[in-house]
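Below are the chains, spelled out letter by letter.
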Amino acid sequence: MKVIKVKKVEIGRGFTIIAGPCSVESREQMRKTLLPIYSNIDIIRGGAFKPRTSPESFQGLGEEGLIILKEISEELDIPFVTEVMDTRDVELVAFYADILQIGARNMQNYSLLKEVSKVKKPVLLKRGLASTVKEWLCSLEYIAKGGNTNIILCERGIRTFENLTRFTLDLAGAVIAQKESNLPVIIDPSHATGRTDLIEPLVKASEAAGMKGVMIEVHYKPEKSKSDKEQALTPAEFKKIFYLTKKK
Ligand code: PEP
Ligand code: MN
């Protein structure tokens, strides 16, 4: 299993916990969300460039969001991951971020994959919402082929006929992907289910299945969140699930 080193964090060794809001909304929102939980997390998440289904929805703060992420990351001494959506932004996002996220909707954006393959920062490659494991592994080959082999895979749920959850978490597919790629696979139960009550059981299932970590959405006041408010845990709910996992 390849271990990906990001500052003090080793992804692929142990169980890595990534948490933060869906979108970076303000300095205050990031502080109120992360200060209560930072001792329980390894990597901060937060979107500055947001892929939103509706063009009317909040699109993210762009570079201002990257600056806020960098500041809080330095203050707490925790690296951060953030999404890059456009080939034109790769250099900018790579300048600030510790890990570049390729979102589910861009898993087969081959121009973007080629662009991040040239960057000297690890890439977190999410599985497309209607992609097979084989297609997901082909996408990772694009990044590896270009010279960047520091790749983390993330299963975030796929589309099925089931509609009680936002997507369907394919844990079996995640296990296969980890076996075939020899790269760490993490699970995103927040996007996979869209439900806060399913985070804890799926975190447990992910760890039991040998996955290398989880990525969870947290907001200090979920009802105020500008994106994905239904699936965000409060810091207190997050701590209840994770207080045993990290003892900093
Ligand atoms: C995200 O993690 O912020 C996100 C947009 O997720 P996905 O690409 O899996 O929908
Ligand atoms: Mn989200």
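Heads up: the structure comes first, above all this text.
All figures in this text were calculated on a predicted structure; none of them were measured in a lab.

Chemist: Go over the packing of helix H1 (residues 27-34) against helix H2 (residues 63-76) with me, naming the residues and quoting the values.
Modeler: It is the contact of H1 with H2, at a shortest axis distance of 10 Å, that shows an interaxial angle of 35°. Once H1 is placed against H2, the crossing between them reads as right-handed. Within the contact between the two elements, H1 uses Arg-27, Met-30, Arg-31 and Leu-34 and H2 uses Ile-67, Ile-68, Leu-69, Glu-71, Ile-72, Glu-75 and Leu-76. Classifying every residue of the contact of H1 with H2 gives seven nonpolar, no polar and four charged.

Chemist: Can you lay out the nonpolar core for me, pointing to particular residues and giving the numbers?
Modeler: Of all hydrophobic cores here, the largest spans 57 residues; its most connected members are Ile-41, Ile-44, Leu-100, Leu-125, Leu-153, Ile-216 and Phe-238. When residues no more than four places from it in sequence are discounted, the contact partners of Phe-238 are Ile-17, Ala-19, Ile-37, Asn-40, Ile-41, Ile-216, Val-218 and Leu-233.

Chemist: Help me get a handle on H2, residues and values and all.
Modeler: For H2, spanning 14 residues, the distance from its first C-alpha to its last is 20 Å, which sits close to the expected 20 Å at 1.5 Å a residue. Taken together, the buried positions of H2 are Gly-65, Leu-66, Ile-68, Leu-69, Ile-72, Ser-73 and Leu-76. Along the axis of H2, the buried positions cluster into a sector of 160°, meaning they face one direction only. Contacts from the buried residues of H2 go to H1, strand E4 (43-45), strand E5 (80-83) and helix H3 (90-96). At the C-terminal side of H2, Asp-77 shows a positive phi close to 60°.

Chemist: How would you sum up the site of ligand 1? Please name residues and give values.
Modeler: Inspection of the region around ligand 1 gives Arg-45, Lys-50, Pro-51, Glu-83, Gln-101, Gly-103, Ala-104, Arg-105, Lys-126, Arg-156 and His-191 as its neighbouring residues. Separating an oxygen atom of ligand 1 from a side-chain N or O atom of Arg-45 is a distance of 2.8 Å. Note that an oxygen atom of ligand 1 is positioned 2.9 Å from one of the side-chain N or O atoms of Lys-50. Protein contact buries 96% of the 290 Å² of open area that ligand 1 shows by itself. The residue inventory of the shell around ligand 1, partitioned by class, reads two nonpolar, three polar and six charged.

What counts as what
- Residues numbered from 1 in each chain as written.
- Chains lettered and ligands numbered in written order.
- Predicted model: local features only at pLDDT ≥ 70, side-chain atom pairs only at ≥ 80, totals over all residues.
- Heavy atoms only, no water.
- Axes fitted to C-alpha atoms, helices over the stretch in contact; angles between N-to-C directions.
- Helix = DSSP H or I, 4+ residues; strand = E, 2+ residues; numbered from the N terminus.
- Left-handed = near helix turned anticlockwise from the far one by under 90°.
- Contact = heavy atoms within 4.5 Å.
- Nonpolar A, V, L, I, M, F, W, Y, C, P; charged D, E, K, R; others polar.
- Core = buried A, V, L, I, M, F, W, Y, C linked by side-chain atoms within 4.5 Å.
- Buried < 20%, exposed > 50% of the residue type's maximum accessible area, 1.4 Å probe, protein only.
- Expected span 1.5 Å × (residues − 1).
- Arc of directions from axis to C-beta.
- Near = heavy atom within 4 Å.
- Polar contact = N/O pair within 3.5 Å; in protein donor to acceptor, adjacent residues only side chain to side chain.
- Areas by Shrake-Rupley, 256 points an atom, 1.4 Å probe, with all protein chains shown as cover.

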